[in-house]
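# Analysis of the macromolecular model
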Amino acid sequence: MATKPKLYYFRGRGRMESIRWLLAAAGVEFEEEFIETAEQYEKLQKDGRLLFGQVPMVEIDGMVLTQTRAILSYLAAKYDLYGKDLKETVRINMYADGTLDLMLMIALAAFKPPAEKEESLALIVQKAQTRYFPVFEKILKDHGQDFLVGNKFSWADIQLLEAILMVEELNASVLSDFRLLQAFKTRISNIPTIKKFLQPGSQRQPPPDSHYVEVVRSILHF
């Protein structure tokens, strides 16, 4: 029996959440070891397992992988979520990089002082509405298919849904002017593996709260 992928990260979303999403969407069961103390983190570093001294880290196929985009690219290729040729793959990369940028802004805002955090989150919603979502609305319109690339479910679709749901946590009506994205959200959310991941009790993590921020700060000393 194949060993399940094992994920090492803090008990929260951060840079690991997109990896959880991709594995879940592919129907792959995975295990997690949550880093909750500085000692755990330092041991991973001293053992030389963190290539650049950072998590996320994933054990899979006899390898120890680090660096978020590298992990996601490997998983997308392994589970046939990376397009049929190089032209489709580069489009998936472009779209995934865009949504990663948007989600990283949200993740980093959690660590700002309260007043600055609220201002940052409001700006992120504005950027989503004026920069990111109009791009994807146009892609769907021009492409005329159910999915962003080709006519097949890919990493790009998974990550766009993840980004949409994250922004909706900040502003529930953010998609009100984007008819095609509304339909896309419904369509992708109903794919069986994703529908399962969106149910309570899955390995999907909640938005970062003050406890998560304190734990990460104490481990990383910042």
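Residues numbered from 1 in each chain as written. Predicted model: local features only at pLDDT ≥ 70, side-chain atom pairs only at ≥ 80, totals over all residues. Heavy atoms only, no water.

As named in an unreviewed UniProt entry, the chain is Glutathione S-transferase, taken from Vulpes vulpes. Quoted straight from UniProt, the Sequence similarities (unreviewed entry) entry for the chain says "Belongs to the GST superfamily. Alpha family." (UniProt positions renumbered as here; feature names shortened; annotations may be inferred.)

A few words on the overall build of the chain. Helices and strands together make up the secondary structure of the chain, namely nine helices and four strands. Counting from the amino terminus, helix and strand elements in the chain follow one another as β-α-β-α-β-β-α-α-α-α-α-α-α. The burial tally for the chain puts 45% of its 222 residues in the buried class. At a minimum sequence separation of 6, the contacts of the chain that also span at least 24 residues come to 66%. Of the accessible surface of the chain, which amounts to about 11600 Å², a share of 54% is contributed by carbon and sulfur atoms. (Helix = DSSP H or I, 4+ residues; strand = E, 2+ residues; numbered from the N terminus. Buried < 20%, exposed > 50% of the residue type's maximum accessible area, 1.4 Å probe, protein only. Contact = heavy atoms within 4.5 Å. Areas by Shrake-Rupley, 256 points an atom, 1.4 Å probe, with all protein chains shown as cover.)

Let us now look at the UniProt feature "domain: GST C-terminal" (unreviewed entry) in the chain. In the numbering adopted here, UniProt assigns the feature "domain: GST C-terminal" (unreviewed entry) to residues 85–208. In the segment residues 85–208, helix accounts for 70% and strand for 0%; the C-alpha atoms at its two ends are 37 Å apart.

Here we take up the UniProt feature "domain: GST N-terminal" (unreviewed entry) in the chain. Cross-referencing UniProt, the feature "domain: GST N-terminal" (unreviewed entry) maps to residues 3–83 in the present numbering. As annotated, residues 3–83 has a helix share of 36% and a strand share of 20%, and its two end C-alpha atoms lie 26 Å apart.

As a further point, take the sheet that holds strand S2 (residues 31–34). Here we have four strands laid out as an open sheet, ordered S2-S1-S3-S4, and mixed in their pairing. Taken across any chain shown, the strands that pair with only one partner, and hence form the sheet edges, are S2 and strand S4 (63–66). The average undirected angle you get between the axes of adjacent strands in this sheet is 20°. Pairing of strand S1 (residues 6–9) with S2, which is carried by four bridges, proceeds in the parallel orientation. (Pairing = 2+ DSSP bridges. Axes fitted to C-alpha atoms, helices over the stretch in contact; angles between N-to-C directions.)

Next up on the list: the pairing of S4. Of the pairings in the sheet, the one linking strand S3 (residues 57–60) to S4 comprises four bridges and is antiparallel in character. Residue pairing in the sheet places glutamate 59 in a bridge with valine 64 of S4. Counting the residues that bridge the hairpin from S3 to S4 gives two residues, and of these aspartate 61 lies at a positive phi of roughly 55°.

To continue, consider the pairing of S2. In S2, alternate side chains face the same way, and those of Glu32 and Phe34 are buried while those of Glu31 and Glu33 on the opposite face are not. On the question of chirality, the crossover connecting S1 to the parallel S2 by way of helix H1 (residues 17–25) is right-handed. (Right-handed = clockwise from strand over helix to strand, strands pointing away.)

A word on the packing of aromatic side chains. Per the counting criterion, the structure on display carries eight aromatic pairs. Taking the centre distance of 6.3 Å and the plane angle of 55° together, the rings of phenylalanine 111 and tyrosine 212 count as tilted. Taken together, the positions of phenylalanine 111 in the loop between helix H4 (86–109) and helix H5 (114–143) and tyrosine 212 in helix H9 (residues 210–220) put the pair 101 residues apart, joining distant regions of the chain. The exposure class of phenylalanine 111 is buried, given its relative accessible area of 19%. Judged by its relative accessible area of 9%, tyrosine 212 is buried. Put simply, the rings of Tyr9, Phe10 and Tyr41 pair up and form one aromatic cluster. Arginine 49 extends its terminal NZ or CZ atom over the ring of tyrosine 8, reaching a point 5.5 Å from the ring centre. (Phe/Tyr/Trp six-rings, centres within 6.5 Å; stacked < 30°, edge-to-face > 60°. Lys NZ or Arg CZ within 6 Å of the ring centre and 35° of its normal.)

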